[in-house]
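Observations on chain architecture
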Amino acid sequence: MPVRQSRGPSRQQIRRRRIVALGAVLLALGAAVAAVAVALPHVKKAAPAPPPPPPPPKPFRVIFPEGFTRAQMIGRVQAVAKIARRKRGKPVVLNGKQYRLATRRAVIPCFTPKKQKNLEGFLFPATYDFLADTTNRVLAADQLRAFCSNWRPVDLAFAKRKNLTPYDVLIIASMVEKETLAPDERPLVAAVIYNRLHEHMPLGIDATLRYGLHIPPTKSILQSQLDSDNPYNSRKVVGLPPTPIANPGLASIQAAAHPANVNYLYFVRKPDKVHHFFTASDTAFAQYECEHGYGC
């Protein structure tokens, strides 16, 4: 019996099968992509970086040289504040009047628990930075803090053996600062002061009288001023003046605490206006003054 030959799928069937197969592949591919997307961590788009902050304002500086008095510091603050206002184009808090009030009295932690009623000597001379909003109290506190950091390491044992108080040492340091230009002479000037105190002699330091009577260094001291009973007149009054006469630096403080081991009782400025002639003899002192035109 003859076998019937089967007919293959039609073209339409083949096309339909291909479309179905392609659809299945696409579905599988889409599912795989979706699965991978779900499996990956969710990453947010990074936000743009904020702009960098503006640079901090450049500070101003006020310089207090060693030996400046409080009055000179007040004048310096007033002058520097004026310059700062002009340069910055806006006001600054610092001013001479308020600085005067801020430096009138304070407690000095490293010195005495009591409030010091006269800050002459305690306003440490140095360079201080300040901004437009720096207050006068902050500047004064910075100076007192600098004083304490320099004062604490000073050994006062020698002065104590000579019956001198810490405040006495500060007073001597201020006189050393005002009388000395050559650094190596500081301990020698301090020794003269110690020796004269021991001998109960007037100190004879004109810088104290100038301070007490507000005599500028450019003016000569009159005889009437030399004869005055002002407590700062160390030509007449025996002993130390009532307060420091300036704000000394560390070198003068150290010299006041550790005077040279010499017997000098006199010193006078040499013609170079920087160094001094020192002697223990009043005759040698008078002769030197006569020879160099200071009067015979």
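Everything below is about the structure shown above.
Each chain has its residues counted from 1, running along the sequence as written. In view of the model being predicted, local features appear only for residues whose pLDDT reaches at least 70, and side-chain atom pairs are presented and counted only at 80 or more, with totals across whole chains, interfaces and linings using the full set of residues. Side-chain descriptors were evaluated using all non-hydrogen atoms of the structure, hydrogens and water having been removed beforehand.

With that settled, consider the nonpolar core. The term nonpolar core refers to a set of buried residues drawn from Ala, Val, Leu, Ile, Met, Phe, Trp, Tyr and Cys, joined through side-chain atoms within 4.5 Å. Categorising residues by exposure relies on relative accessible area from a 1.4 Å probe, with only protein chains included: less than 20% of the type maximum marks a residue as buried, more than 50% marks it as exposed, and the intermediate range marks it as partly exposed. Counting 55 residues, the largest nonpolar core has Phe64 and Phe147 as the members making the most contacts within it. With eight residues, helix α6 (residues 166-179) is the single largest residue contributor to this core. Residues count as neighbours in contact if any of their non-hydrogen atoms are within 4.5 Å of one another. Among all residues touching Phe64, those that are not within four sequence positions of it are Met73, Arg76, Val77, Tyr99, Pro125, Ala126, Tyr128, Leu139 and Gln143. Counting residues in hydrophobic clusters, the runner-up holds six residues, among them Met201, Leu265, Tyr266 and Phe285. In this text, helices come from DSSP runs of H or I with a minimum length of four residues, and strands from runs of E with a minimum of two, each type numbered from the N-terminal end.

Only a pair of cysteine sulfur atoms within 2.5 Å counts as a disulfide in this structure description. Under the criterion given, the structure shown has one disulfide. Disulfide partner of Cys110: Cys148, at an S-S distance of 2.2 Å. Negative torsions about the S-S bond denote left-handed disulfides, and the value of about -80° found for Cys110 with Cys148 makes this one left-handed. Residue Cys110 is located in the loop between β2 (106-108) and β3 (112-116), and its partner Cys148 is located in helix α4 (residues 136-151); the two are separated by 38 residues in the primary sequence. By relative accessible area, Cys148 is classed as buried at 4%.

To estimate the expected span of a helix, subtract one from its residue number and multiply by 1.5 Å. With 14 residues, α6 extends 20 Å from end C-alpha to end C-alpha; this agrees with the ideal 20 Å at 1.5 Å per step. Most of α6 is tucked away: 12 of the 14 residues are buried.

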